[in-house]
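Per-entry structural report
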Amino acid sequence: DLFKIVSFRNGSIAAMIISMGEFGVIFALPLWLQNVEGLSPVSSGLVLLWLALGAFMASGAAGGLSGKIAPAVAVRFGVLLELVGVIGTAVAIGADAGWGWVAPGLLVYGIGVGFATAQLTGVIMLDVPQEKAGQASGSQSTVRQIGSALGIAVIGTTLFSATDLLTKSKLTDLGVPDQAQQGIVDAVVESAGGAIPAFKDAAISTATGQAFSEGAMWAAFAAGIFLLLGLLSTFRLTSRNHAEGDHN
């Protein structure tokens, strides 16, 4: 019955697609920071704080804009910023420019999350009857969790599939025999990049690090595709109440 409500249905679909892009990139980024950039888990967490800082900044700005712009417009603006931030992060990873160049992308991404997330919840719940508010809240939360799980699955597959292919290509360029290549590729992929710092051959370590960086870049681009689809889905959202007939 809840999904017969137009605003709830369209909002839930948008939330699921957006969640596929939002959380997938967070899966790949810490692996790259630790195994390629050589940061510790704590230092990697500090880099990700740029995302939290952006969300914190947006929460204050969103409060000031409350009532001045339509919630659906705020959602679109937020998702657009997320998309820009993810693409910027992907470019920085692919260029292997270091974590410092990732931080601005994460900041923009976090600002987008701050604008989009809370406002999207309000849009989803817009026309839900008061007596069904608890069910609707639980349902939209579940939809987001499903989107997160699907996004991590798809983006994780993109990361490791791309890393597999790119590692083989770079090892071939180095002249590594085919028999030895598969063992190196398996070590990199099965350890999620953890084996890269352990390679004693500097050329192999560099090549596998570059391959993992490019794999993480394609994973981030995959997240960007989901966010683009999510942005397009937000154009079916509305900030005004529907006619009573839409509930039936």
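Up top is the structure.
So, how was this worked out
- Residues numbered from 1 in each chain as written.
- Predicted model: local features only at pLDDT ≥ 70, side-chain atom pairs only at ≥ 80, totals over all residues.
- Heavy atoms only, no water.
- Helix = DSSP H or I, 4+ residues; strand = E, 2+ residues; numbered from the N terminus.
- Buried < 20%, exposed > 50% of the residue type's maximum accessible area, 1.4 Å probe, protein only.
- Contact = heavy atoms within 4.5 Å.
- Areas by Shrake-Rupley, 256 points an atom, 1.4 Å probe, with all protein chains shown as cover.
- Axes fitted to C-alpha atoms, helices over the stretch in contact; angles between N-to-C directions.
- Parallel < 35°, antiparallel > 145°, perpendicular 65-115°, else oblique.
- Left-handed = near helix turned anticlockwise from the far one by under 90°.
- Nonpolar A, V, L, I, M, F, W, Y, C, P; charged D, E, K, R; others polar.
- Salt bridge = Lys/Arg side-chain N within 4 Å of Asp/Glu carboxyl O.

This part takes up the overall build of the chain. When helices and strands are counted, the chain shows 7 helices and 0 strands. Walking the chain from its N terminus toward its C terminus, one meets helices and strands in the order α-α-α-α-α-α-α. Within the chain, buried positions represent 46% of all 248 residues. When contacts within the chain are restricted to residue pairs at least 6 apart in sequence, long-range pairs at least 24 apart make up 82% of them. Total accessible area on the chain is roughly 11400 Å²; 66% of this is exposed by carbon and sulfur atoms.

Attention now moves to unusual backbone geometry. At Ala 192, a position not held by glycine, the phi torsion is positive, near 55°. Considering the arrangement of structural elements, one finds Ala 192 in the loop between helix H6 (178-190) and helix H7 (202-233). Take Ala 192: its relative accessible area is 16%, and that puts it in the buried class.

Direction vectors running N to C along helix H1 (residues 6-35) and helix H3 (residues 71-94) enclose 25°, while the axes themselves pass 11 Å from each other. Taken together, the axes of H1 and H3 are roughly parallel relative to one another. Of the two possible hands of crossing, H1 and H3 adopt the one that is left-handed. Only Val 79, Glu 82, Thr 89 and Ile 93 of H3 make contact with H1, whose side of the interface consists of Ile 18, Glu 22, Leu 29 and Trp 32. For the contact of H1 with H3, a count of residues per class yields 5 nonpolar, 1 polar and 2 charged.

The final tally for this structure, using the stated rule, is 4 salt bridges. Across the salt bridge formed by Asp 1 and Lys 4, the nearest N and O atoms sit 3.6 Å from each other. Both residues of the pair, Asp 1 and Lys 4, count as exposed. Between Glu 214 and Lys 170 there is a salt bridge, with its nearest N and O atoms 3.2 Å apart. Separated by 44 residues along the polypeptide, Glu 214 in helix H7 and Lys 170 in helix H5 (residues 133-174) bring together distant segments of the chain.

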